[in-house]
Amino acid sequence: MDTNPPYEEFVTHSEGFGGCIFFSLLGRDYLLSCGSDGDIRLLDLSGEKEPIDLYIGSSHLYQLACVSEPTAGVLFACEDNSLYWINLNLNDFSKHTRKIITRFASAVYCVTTDSSGRWIAAGAADFTIKLIPASAILTTNQYTCHVLDTHSAPVLSLSFSSDGLILCSTSCDGHLIVWCTNSRTVKHKISVLSPKVSDLSLSSSRLVAALSCMTADICFMATPQSFSEEECPSVPVYSSLDYHLIDRLVSNSTTDSRSSGTFHCCAWSPDSLYLAAGTALGHIIIWSCSVDDTRVIFKRVSILRHTLRGDIISVAWGVSNITGKLMLAAFTKSGYLILYESLELTPCTIQANANQLDDSLLDGLQAADLFDSQESHSNIQVNGSNINMEESSLDSKPQTSPTKTDRKAAKKRKFVPEWEEDIAIIEPEYSQSCSEPVIQPEPSLLRQESFQPSSWPPFSQITGSEHVCLCYNLVGVVISHKAPGAFEAESENKHFNFLIEVEFHDRGVHHPLQLIDPHWFSVGVLTDELLVLGGSGNRNVKKQPKDQCLIQVHRFNAWDGSKEWNAQLPEGENALCLAAGRDWIAVVSDSLILRLFGTEGTQFDLLKMPGYPVSTAGRGSRLILVYHQNCTLKDSQNMSYYLLAVSGMKLVLLAEGTLVISLNSELRWIGFTSAESPVILDSLGHLEVGRVNSRGVIWAPMLDFSKTVRKKRNTHKLVILGITPCLVEPTEDEESVCNEEIRYIVPSHGSHYPSLYPRPSVQVVTYNPPFCSVATSGVLSLEQRYFLSTFCYGQVAKQSQEELMRLFALAARSGSFQRALEVGALLNQQYKQLAITYSSRLQLSMLGQKMNSLLDAGRVEITDTAVTIDSEDPSFAISQAEHELKDSPLVPGEEIAPFLSAIRTNSTNRDSNLFSSAPANPFKNQKAPFSRASSIDNSFIKSVIQKSLGGKHTLSNVTDNKQQTSDLFSKQSKLGETRHPVKQTEANKSFNSVESSKPKPNTFKDWLEQTMPQLEADNPTLKKTELIQIATKKWREEKREIS
Amino acid sequence: MSDSPKITPADLDYLAMNEVIFILPGFSLGRITLILGDFGPFVPSIATKAPLWFALYLKERKLCQIQVPSWLTCEWLETKRNEERSDPDGPLHPIHLHYMEISSILLNHASDDIPQAEEIRTLIKDIWDMRMSKLRRSISIMIKEQHVHAQVKNISYMELFCIRPHLCNSLFLIDHIQKAS
């Protein structure tokens, strides 16, 4: 029936409502409704239909039940955890007395009474059901209240059978439990829905159990489902005999059922002939139910449409006292009450149905032959009324049909097609209580998809966007525009033409480009010299297997004619990420292959990656690849990286390891600093910079964007353009320590990605490593400054040494001398002198002495890693080292070995300092030449030694006795354990002459020992004193000879 | 008639050009020294201050993108307009003294950098109309009641330029007539 029978509409609870029931008292019919505004309203159906306020409360009321004995009253379930009762005072409705029947631990969702008036049942969100004798209403004594707490989720609805022996309850945990009222035990448990939810608001349907009674034996339970495995919403009906799914009632034939929306509620008519269910789209669908000895058939009788009023949340039936006709009331979510006062329905009978082939879901026997997943009649044998219901289900069923119907029922649950009937379905036939797995696997994070750094996600993810940014970095912006196609292709879908627009930040690099993109490029990268685009196929039409991924490279400033070249990836591969460096291009494809091309198109290397690629970035001669090596963990993506050096058409693996990002975060951007150290940014806004050393990369957290960016929610959406050297060279002012800055853009309020038109303004920030106890943000502590200066300039640089001096001064002033000493040990010689002077000025003699000893140790101590560096030009040294060593990792200040060979080639005779950064290796072969000793130092040492030792003996002394030199400056030397032979430079000829001569005894005493035997042999008769006199004479003569 | 030097709207535009605004340069240049002061260094796509005349010069050559000053946005102008509208007989509310000139220059030369340019045009016109009507009304009151001196606050240069001939000439004529009689 398409036209609605006459009905009336009222607006009652405007805030939404809970439920409604019909009630008839003393020959008059009333309709009671309760709502979320806390009110109960009464509609007098016999007279003027004007809603009267029966009760005004404040908490949300969920359901009503009426009691007529002992006194007429209304029970209502309230959100304030109580079940109330008010009496109905017919003379004056507003005057009533309220009583709390029972209390729960959380909101009471449902209340019902059985038709005999003996029991009251109420269910609440604390998972319990309380069964209360109805006599408890009026007594003030204690009464026994039975608690049924089998459910594991809030109880949604309750229903008694007409004889009151069975209570049916449904809850959010998806189960329908049938209880025996007298014994309060669980008779049966049916799993109706699989996802378990714990909150009423999450379960979108009120999983209502509506019980009806057909005959004395059989009750039917109808539970509307909204999360059903099948796609069309239905109302499954179970039989209470064997808890067997009789039918799934749908509103229409299969093709149309979606139009009615999901079912929210259902109710049986009082005579159990009809079942009404309300849907989300405002339809009320009524089926009539007829049972005969063998079959139960449901037939859709009518659809009442109220699409304008919103979804129907509750329906109720009543029988008019006056007319004896059926009444139906339905409540909608928007607060409308639709009342049908006299509903004319024709019940269907089995005979009438047998020959009809309409679009109703049950067409008896014939449906079984077709593939009809809606086949819905079942054979139930009813052998009189004295059967134990459970046993009959096993014994008395006919052989084939239950299994067939069971299979079909099981099929319906699983949508196994008809022709697979013979495949055994291993499913429990009746009870579908799902068992929990014994071991719960830890849920792990979703694997991050591959992405191109500094780009927007592809079109498919941003709906409705007309343009997507393929690359937004320091060089420029590459935008792909979607324009409606000028032609319609053969396929149904409309093609889009894509236009690539390239705009450079610095117009001097190149003029803006506009390229037509017939290949639908999806990734791109832009450098100063080239634009690389990659993509395959049609984004709208399903990818043809023949579509090959194309890499297109445009070269700017090409001196030969070829401005553009293409490379096609092999079939089946798709380019996921691109990277470009000084003279190479890297393409990562989804078949885990990394391909390297030269800028002019020669392919020169391939690499198979150990896992699915996440991202890649390149700069200069460095390339970093991030991939998923393993499965993700509960709290981390568990990604690994390869750091490669690419130059001169060669690929070298520098380091590999696990990528260090914060827990529970994803990689957002990857790139390099201007010194080619890798940098990563994760979705929580933490920026980490890697320092490459011989064993791998160690990552240091350098910046936390969540503290910099004002709107914290944008930290995972900001797009880093790149890291460049600072705009302004850091001058002598205190503030700037870093020579690098990070440029990024932030999306404006409310949008997902930064807007492209107009261009967003670029924000700039420098490193701010999270050191402890920084007074205010923005002001760097001294330790931070030292860290940053070593990071940016190297440990040997002037800036770092100055920061160290500041730390030393701070420590010395504040009295922590040991700390000052530790810091002082890191200073180079020149600054150590300053430190000594400083400490002496502060009259810290102990500190001065210790610094002194450090000074000497540093002066004469030479290890393999000793090196002299021009203190005035540290960056020169670093750049020289970089230039010299292309293949070894560049380290800002960590390793000094690279400097050694570099500096050796640049002899500097200027003011140079001895410097040793690494502690002396005692096992090292100590024959390193002291090649860069400054002439000044040597000559100074020489002159001092000469003066102190009287000139004659000094020369030979210096060669192998370092003790004397240290004695000149301090009383003892703590660290000077390693002594090396000093190699002379050509400037010190006297040294050379000394070395060339034989080693002679230095003192008279030694000489005497040597010559004594000879003397004694010569002059045996002389006494010792005379011998000594002779010896002294000879000694003087010898010395005169030498000098 | 007065022999005061004739000032023209072009002169007012010229004076307004000294306004310093933010641009996103499309080139790189070090610090430059202008009469107005030091500007730069200019780095591509980093917002830098520059005088308006310089910005327009660059804009013509497509070397920069102009960032709209904060008072030339729809929201700010709407609040201004509502303020003026709510107070029809009151004083003039503070506004940028060169608002008329700068907005016309920017809308003519750099309208693609201004979001919602058309609404801004209408808003400026509305504000102009309201302010001019307030001025005219107060002038007529002043003349009728033969006040000797008046004080005006927050009058912008363009409004002053428009009012000056009326006021001066009319007062001159009144004086002439009074002397004659």
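Conventions and cut-offs
Residues numbered from 1 in each chain as written. Chains lettered and ligands numbered in written order. Predicted model: local features only at pLDDT ≥ 70, side-chain atom pairs only at ≥ 80, totals over all residues. Heavy atoms only, no water. Helix = DSSP H or I, 4+ residues; strand = E, 2+ residues; numbered from the N terminus. Buried < 20%, exposed > 50% of the residue type's maximum accessible area, 1.4 Å probe, protein only. Contact = heavy atoms within 4.5 Å. Areas by Shrake-Rupley, 256 points an atom, 1.4 Å probe, with all protein chains shown as cover. Pairing = 2+ DSSP bridges. Axes fitted to C-alpha atoms, helices over the stretch in contact; angles between N-to-C directions. Expected span 1.5 Å × (residues − 1). Phe/Tyr/Trp six-rings, centres within 6.5 Å; stacked < 30°, edge-to-face > 60°. Lys NZ or Arg CZ within 6 Å of the ring centre and 35° of its normal. Arc of directions from axis to C-beta. pLDDT = per-residue confidence, 0-100.

It is worth spelling out the overall build of chain A at this point. Check the secondary structure of chain A and you find 18 helices and 53 strands. Taken over 1043 residues, chain A has a buried fraction of 52%. Within chain A, counting contacts between residues at least 6 apart in sequence, those at least 24 apart form 49% of the total. Split by element, the accessible area of chain A, about 49300 Å² in all, is 52% carbon and sulfur.

Our next topic: the overall build of chain B. Within chain B, the regular secondary structure consists of six helices and five strands. Counting from the amino terminus, chain B carries its helices and strands in the arrangement α-β-β-β-β-α-β-α-α-α-α. Burial analysis of chain B (181 residues in total) assigns 38% to the buried set. Intrachain contacts of chain B at a sequence separation of at least 6 include 68% that bridge at least 24 residues. Total accessible area on chain B stands at roughly 10800 Å², and carbon and sulfur atoms take up 59% of it.

Turning our eyes to something else, we now look at the sheet that holds strand β26 (residues 312–319) of chain A. Residue and element names in this part refer to chain A. Read across the open sheet, the four strands follow the order β1-β28-β27-β26; overall the sheet is antiparallel. Looking along the sheet, the strands with just one partner apiece sit at the ends: β1 (8–11) and β26. Looking at each pair of strands side by side, their axes are set apart by 20° on average, direction ignored. Inspection of the sheet shows β26 paired to strand β27 (residues 326–332) by seven bridges, in the antiparallel sense. Looking at the pairing, Gly318 lines up with Met327 of β27.

Attention now moves to helix α7 (residues 798–814) of chain A. End to end, α7 of chain A covers 24 Å across 17 residues, agreeing with the expected 24 Å (1.5 Å per residue, within 8%). Listed in full, the buried residues belonging to α7 of chain A are Ser800, Gln801, Glu803, Leu804, Met805, Leu807, Phe808, Ala809, Ala811 and Ala812 of chain A.

Before going further, it helps to examine the packing of aromatic side chains. Residues and elements named next belong to chain A. For the structure on display, the rule yields 13 aromatic pairs over all chains. Taking 5.6 Å as the distance between ring centres and 85° as the angle between the ring planes, the aromatic pair formed by Tyr767 and Phe791 counts as edge-to-face. Here Tyr767, found in the loop between β51 (763–765) and α6 (782–793), pairs with Phe791, found in helix α6; they are 24 residues apart in sequence, far enough to count as distant. Accessibility expressed as a relative area gives 2% for Tyr767, which makes it buried. The exposure class of Phe791 is buried, given its relative accessible area of 9%. The ring of Phe104 carries the charged tip of Lys130 above its face, separated from the ring centre by 4.7 Å.

In this section: the sheet that holds strand β43 (residues 639–647) of chain A. Residues and elements named next belong to chain A. Strand order in this open sheet of four strands is β41-β42-β43-β44, and the pairing throughout is antiparallel. Because the sheet does not close on itself, it has two edges, and the strands there are β41 (612–619) and β44 (650–658). Taking each pair of neighbouring strands and ignoring which way they run, the sheet shows an average axis angle of 20°. Pairing analysis gives seven bridges linking strand β42 (residues 622–628) to β43, with the strands arranged antiparallel. Residue pairing in the sheet places His628 in a bridge with Met639 of β43.

So, on to helix α3 (residues 74–86) of chain B. Residue and element names in this part refer to chain B. Between the first and last C-alpha of α3 there are 18 Å, a value that for 13 residues agrees with the 18 Å anticipated at 1.5 Å per step. If you check which residues of α3 are buried, you get Cys74, Leu77, Lys80, Arg81 and Glu84. Here the buried residues of α3 occupy an arc of 130° about the axis, which is enough to place them on one side. Opposite its buried face, α3 presents the exposed residues Glu75 and Ser86, each directed more than 90 degrees away. For α3, the elements touching its buried residues are α5 (117–144).

To continue, consider unusual backbone geometry. Among all residues save glycine, negative phi is the norm, and among peptide bonds the norm is trans. Residue and element names in this part refer to chain A. In this model, Leu592 sits at a positive phi of 65°, which is unusual for a non-glycine residue. For Leu592, the position within the fold is in the loop between β38 (584–589) and β39 (593–598). Phi at Glu676 is positive, roughly 65°, even though this residue is not glycine. Here Glu676 lies in the loop between β45 (667–672) and β46 (678–682). Accessibility expressed as a relative area gives 11% for Glu676, which makes it buried.

Moving on, we come to the confidence of the model for chain A. All names here are of chain A. For chain A, the mean per-residue pLDDT works out to 69, and 63% of the residues sit at or above 70. Scored below 50 in pLDDT, residues 351–425 shows 118 contacts in the model against residues more than four places distant or in partner chains. Across residues 950–998 the pLDDT falls below 50, and counting only partners more than four positions away or on other chains, this stretch makes 55 contacts in the model.

Attention shifts here to the environment of Pro115 of chain B. Residue and element names in this part refer to chain B. For Pro115, the position within the fold is in the loop between α4 (99–109) and α5. Along the sequence, Pro115 and Cys74 sit 41 residues apart, while their C-alpha atoms lie 8.5 Å from each other. Discounting residues that sit within four places of it in the chain, Pro115 has contacts with Val68 and Ile120.

Next up on the list: the environment of Ala107 of chain A. Residues and elements named next belong to chain A. Mapped onto the secondary structure, Ala107 falls in the loop between β9 (98–103) and β10 (108–113). Judged by relative accessible area, Ala107 falls into the buried class, the value being 10%. Each C-alpha atom of the pair Ala107 and Glu79 lies 4.3 Å from the other, and the pair is 28 residues apart in sequence. Those residues in contact with Ala107 that sit more than four places away from it in its chain are Tyr62, Cys78, Glu79, Asn81, Ala124 and Ala125.

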